[in-house]
Number of protein chains: 2
Amino acid sequence: MAAHYPLTTRADARRNRERILSVAYQAFADDPDVPFTTIGKLAGVGAGTLYRNFPTREDLVLAVYRQELQSMVDSVHDLVTEYPPLDALRVWLLRLADFARVKHGLGEALQTAAGKDVAHEADTPVAEAVAVLLRACEKAGDVRPGLDAADVLLLMGFLWSRAAGDAGEQQTRRVLDMAIAGLQ
Amino acid sequence: MAAHYPLTTRADARRNRERILSVAYQAFADDPDVPFTTIGKLAGVGAGTLYRNFPTREDLVLAVYRQELQSMVDSVHDLVTEYPPLDALRVWLLRLADFARVKHGLGEALQTAAGKDVAHEADTPVAEAVAVLLRACEKAGDVRPGLDAADVLLLMGFLWSRAAGDAGEQQTRRVLDMAIAGLQ
DNA sequence: ACCTGAACACCGTTCAAGT
DNA sequence: ACCTGAACACCGTTCAAGT
């Protein structure tokens with residue numbers, strides 16, 4: 001009596017999962033408290049399908065988080081080819097700051113055990129992304145040599161916690177510029 | 001047709017309000033997502049009474065926040081008489097760190113407009129409390145002179161945001177000790 | 001003036017029936 | 001194998017009736 005595992009996922013099943021993920025980010029950004037079932041409706045799937053793919057709200061939040069952070073990390077390559085090194089660093093960190101704001105809006109899902117795992121699992125790729133940007137700046141002589149990516153991220157984390165509490169984008173930008181000036 | 005305002009609050013009304021506040025802190029600490037109506041039941045009041053006193057969950061959260069922070073500030077005087085200055089500072093900052101953890105658990109009520117007002121309104125008394133503790137340490141020669149209370153709080157805020165994300169009490173204690181060592 | 005608690009609305013979650 | 005959506009449970013909120 002061998003169990004039967006499907007060799008391929010059914011096409012509609014894959015489509016449904018992708019649809020949910022693609023509406024979820026915007027839905028969470030618009031309203032962090034959006035009813036879970038509403039996301040299913042927006043994606044045009046039944047409640048059962050929503051729950052089979054993401055048994056809890058947290059599962060969906062974390063999947064969205066993972067997806068967005070991945071696309072952030074993937075964007076590094078294009079940035080360093082398109083912009084001067086220092087601008088690439090600034091743009092990327094600004095995007096990360098925006099993401100951190102949304103992440104904060106996503107609620108405390110990242111404070112749970114599973115959430116910390118996901119957040120922690122992202123640490124290495126994110127640190128590597130920063131390392132790539134820093135190395136480009138270093139080569140161009142835009143920052144002082146020997147800067148540690150983890151240190152930079154720690155500093156950024158500090159800025160975000162302040163920025164989230166107080167004013168919005170403007171302040172984030174100003175403080176970020178101050179921090180970058182400090183790296184030079 | 002002058003409106004009639006009660007000259008004195010009815011005794012049972014005052015009692016009810018106090019009862020709600022006294023159960024709320026523990027209830028939130030036990031489970032930040034405790035159903036709002038459950039707090040009414042724990043306090044032994046009807047849903048209507050709960051809602052008249054605290055129209056929204058946020059109102060109750062903020063009232064609890066205010067109350068607890070007030071008692072923290074009030075405790076400074078006893079601490080500086082009971083403990084050596086540096087110990088008083090350490091104990092008080094540890095308590096504040098514990099409170100910050102619970103505050104975090106209280107959810108994002110403090111991120112709203114009203115929440116920021118309350119948090120901001122607390123800044124001055126809290127900074128004064130720290131200033132009192134610092135001055136005592138300075139007089140005893142335990143810290144270097146000229147330390148700014150706001151700077152110390154900024155540093156603490158940084159520690160908490162790290163501590164909340166990662167490990168709990170142990171790490172908070174270690175990092176706090178490092179920070180205090182830095183003040184000396 | 002203040003209280004209680006039943007009543008209603010809304011959202012989370014499951015599961016029987018369908019393709 | 002996967003889907004839909006009705007059905008049920010639970011919590012938030014109001015308000016008529018009581019003291």
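Quick caveat: nothing in here was measured; it's all calculated off a predicted structure.

**Q** Hey, could you go over the packing of helix α1 (residues 11-30) of chain A against helix α2 (residues 36-43) of chain A for me, with residue numbers and the actual values?
**A** Residue and element names in this part refer to chain A. α2 packs onto α1 with a crossing angle of 125 degrees between their chain directions and a minimal axis gap of 9 Å. Considering the angle they form, α1 stands oblique to α2. As for how α1 packs across α2, the hand of that crossing is right-handed. Contacts between α1 and α2 involve Arg19, Ile20, Val23, Ala24, Ala27 and Phe28 on the former and, on the latter, Ile39, Leu42 and Ala43. The residue makeup of the contact of α1 with α2, split by class, is 8 nonpolar, no polar and 1 charged.

**Q** Explain the confidence of the model for chain A to me, and be specific about the residues and the numbers.
**A** Across chain A, the average pLDDT comes to 80, with 72% of residues at 70 or higher. Low pLDDT (under 50) marks residues 162-167 of chain A, which in the prediction has 9 contacts with non-local residues, meaning those over four places away or in another chain.

**Q** Please set out the protein's contact with DNA strand D residue by residue, giving values where relevant.
**A** Residues in contact with DNA strand D amount to 18 residues; listed here are only the nearest, Arg10(A), Asn16(A), Gly46(A), Thr49(A) and Arg52(A). Within 4 Å of the protein, the contacting atoms of DNA strand D are drawn from sugar and phosphate to the extent of 64%. Between Ala47(A) and DNA strand D, the recorded distance is 3.4 Å, taken from a backbone N or O atom to a base nitrogen. Thr49(A) has a polar side-chain atom sitting 2.7 Å from a phosphate oxygen of DNA strand D. Taken together, the elements giving at least two residues each to the surface near DNA strand D come down to α1 and α3 (47-53) of chain A together with α2 (36-43) and α3 (47-53) of chain B. Counted by class, the surface near DNA strand D contains 7 nonpolar, 8 polar and 3 charged residues.

**Q** Just give me the short version of the protein's contact with DNA strand C, but keep the residues and values in it.
**A** Taken together, 18 residues are adjacent to DNA strand C, and Arg10(B), Asn16(B), Gly46(B), Thr49(B) and Arg52(B) come closest. At the protein interface, 66% of the atoms of DNA strand C within 4 Å belong to sugar or phosphate. Taking Phe36(A), its main chain carries an N or O atom lying 3.0 Å from a phosphate oxygen of DNA strand C. A distance of 2.5 Å is found between a phosphate oxygen of DNA strand C and a side-chain nitrogen or oxygen belonging to Asn16(B). Only α2 and α3 of chain A together with α1 (11-30) and α3 of chain B provide two or more residues apiece to the surface near DNA strand C. At 4 residues, α3(B) tops the list of elements feeding residues into the surface near DNA strand C. Considering only residue class, the surface near DNA strand C consists of 7 nonpolar, 8 polar and 3 charged.

**Q** Could you give an account of α1(A), naming the residues involved and the relevant values?
**A** Side chains three or four residues apart in an α-helix point the same way, a direct result of the helix having 3.6 residues per turn. All names here are of chain A. In a regular helix each residue adds 1.5 Å, so 20 residues correspond to 28 Å; α1 covers 29 Å between its end C-alpha atoms and thus fits that length. If you look at α1, its biggest bend is around 30 degrees, right at Ala24. Within α1, burial applies to Asn16, Ile20, Leu21, Ala24, Ala27 and Phe28.

**Q** Lay out the packing of α1(A) against helix α4 (residues 57-82) of chain A with the relevant residues and their values.
**A** Residue and element names in this part refer to chain A. Contact geometry for α1 and α4: axes closest at 10 Å, N-to-C directions at 95 degrees. Overall, the two elements α1 and α4 adopt an arrangement that is roughly perpendicular. In this structure, α1 contributes Ile20, Leu21, Ala24, Tyr25 and Phe28 to the contact, and α4 contributes Arg57, Leu60, Val61, Ala63, Val64, Gln67 and Glu68. Grouping the amino acids of the contact of α1 with α4 by side-chain chemistry returns 9 nonpolar, 1 polar and 2 charged.

**Q** Got a sec to walk through the pattern of salt bridges? Specific residues and values, please.
**A** Inspection of every chain in the model, using the stated rule, returns 4 salt bridges over all chains. Taking the shortest distance from any N to any O, the salt bridge between Arg10(A) and Asp12(A) comes out at 3.0 Å. The exposure class of Asp12(A) is partly exposed, given its relative accessible area of 28%. One salt bridge in this structure joins Arg90(B) and Asp87(B), with 3.8 Å as the shortest N-O distance. Of this pair, Arg90(B) and Asp87(B) both sit in helix α5 (residues 85-105), separated by 3 residues, roughly a single helical turn. For Arg90(B), a relative accessible area of 25% corresponds to the partly exposed category. Judged by its relative accessible area of 31%, Asp87(B) falls in the partly exposed class.

**Q** Give a detailed account of the packing of aromatic side chains, specifying residues and quantitative values.
**A** Residue and element names in this part refer to chain A. Under the criterion given, the structure shown has 2 aromatic pairs over all chains. Measuring from centroid to centroid gives 5.3 Å for Phe36 and Tyr51, while their planes differ by 90 degrees, and the two rings are edge-to-face. Here Tyr51 lies in helix α3 and Phe36 lies in helix α2, a separation of 15 residues in the sequence. For Tyr51, a relative accessible area of 40% corresponds to the partly exposed category.

**Q** How would you sum up the environment of Glu68(A)? Please name residues and give values.
**A** All names here are of chain A. Assignment of secondary structure puts Glu68 in helix α4. Judged by relative accessible area, which is 19%, Glu68 ranks as buried. Counting along the chain gives 73 residues from Glu68 to Gly141, while the straight-line C-alpha distance between them is 31 Å. Beyond its immediate chain neighbours, meaning those up to four positions away, Glu68 contacts Tyr25 and Phe99.

Basis of the calculations
- Residues numbered from 1 in each chain as written.
- Chains lettered and ligands numbered in written order.
- Predicted model: local features only at pLDDT ≥ 70, side-chain atom pairs only at ≥ 80, totals over all residues.
- Heavy atoms only, no water.
- Axes fitted to C-alpha atoms, helices over the stretch in contact; angles between N-to-C directions.
- Helix = DSSP H or I, 4+ residues; strand = E, 2+ residues; numbered from the N terminus.
- Parallel < 35°, antiparallel > 145°, perpendicular 65-115°, else oblique.
- Left-handed = near helix turned anticlockwise from the far one by under 90°.
- Contact = heavy atoms within 4.5 Å.
- Nonpolar A, V, L, I, M, F, W, Y, C, P; charged D, E, K, R; others polar.
- pLDDT = per-residue confidence, 0-100.
- Near = heavy atom within 4 Å.
- Polar contact = N/O pair within 3.5 Å; in protein donor to acceptor, adjacent residues only side chain to side chain.
- Expected span 1.5 Å × (residues − 1).
- Bend = angle between axes of the 7 residues up to and from the residue.
- Buried < 20%, exposed > 50% of the residue type's maximum accessible area, 1.4 Å probe, protein only.
- Salt bridge = Lys/Arg side-chain N within 4 Å of Asp/Glu carboxyl O.
- Phe/Tyr/Trp six-rings, centres within 6.5 Å; stacked < 30°, edge-to-face > 60°.

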